[in-house]
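Understanding the architecture of this molecule
Single-letter residue listing:
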Amino acid sequence: MYKVKRSKSISKRFKITVTGKLLRKKTSRSHLLQKKSSKRKRRLRHVSLVAVNDITNFVNKIHYK
């Protein structure tokens, strides 16, 4: 039996909730913020859920603590 290779980068970017859903940060918040409205930047602060179809790709690659 071989050891499952975990992805360190995925474990830094995503968080598993108690119910098994994945949380992620929204994109477009790092640079070129002058042209974006305050309302848009405020909405980008919040975390969002990963789509249900994509969860299976990520869960097996996350390091568990």
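The structure displayed is predicted, hence computed values, not measured ones. (Residues numbered from 1 in each chain as written. Predicted model: local features only at pLDDT ≥ 70, side-chain atom pairs only at ≥ 80, totals over all residues. Heavy atoms only, no water.)

1. Some words on unusual backbone geometry
The criterion, for reference: In DSSP terms, a helix is any run of H or I states spanning at least four residues, a strand is any run of E spanning at least two, and both are numbered starting from the N terminus. Three labels apply to residues, based on accessible area from a 1.4 Å probe with only protein chains included: buried if under 20% of the type maximum, exposed if over 50%, partly exposed otherwise in between.
A positive phi angle, close to 70°, is found at Ser28, a residue other than glycine. With phi around 60°, Leu32 is a residue other than glycine that occupies positive phi space. Of note, Leu32 is situated in the loop between β2 (22–25) and α2 (38–44). Here Leu32 falls in the exposed class, since its relative accessible area comes to 52%.

2. Examining the pairing of β2
As a reminder, the rule being used: Here, a strand pair is defined by DSSP locating no fewer than two bridges between the strands.
When strand β1 (residues 14–16) meets β2, the two strands line up antiparallel, connected through three bridges. What sits directly across from Lys15, in β2, is Leu23. The hairpin turn running from β1 into β2, its antiparallel successor, is five residues long, and Gly20 in that turn takes a positive phi close to 95°. In the sheet, β2 pairs with strand β3 (residues 47–49) via three bridges, with the strands oriented antiparallel. Residue pairing across strands places Lys25 opposite Val47, the latter belonging to β3.

3. Thoughts on the environment of Lys21
In plain terms, the rule: Contacts were defined at the residue level, with two residues in contact if any of their heavy atoms lie within 4.5 Å.
Relative to the helices and strands, Lys21 resides in the loop between β1 and β2. Relative accessible area serves as the criterion here: at 44%, Lys21 is assigned to the partly exposed category. Taking the C-alpha atoms as reference points, Lys21 and Val50, separated by 29 residues in sequence, lie 7.5 Å from one another. In this view, Lys21 contacts Lys15, Ile16 and Leu49; residues no more than four positions away in its chain are not counted.

4. Digging into the sheet that holds β2
How we decide: Between N-to-C directions, angles span 0 to 180 degrees; the directions come from axes that are lines fitted to C-alpha atoms, helices contributing only their stretch in contact.
Overall, antiparallel pairing links the three strands, which are arranged β1-β2-β3 in an open sheet. Strands with a single pairing partner mark the edges of an open sheet, and in this sheet they are β1 and β3. Neighbour-to-neighbour, the strand axes of this sheet turn through a mean angle of 35°, independent of strand direction.

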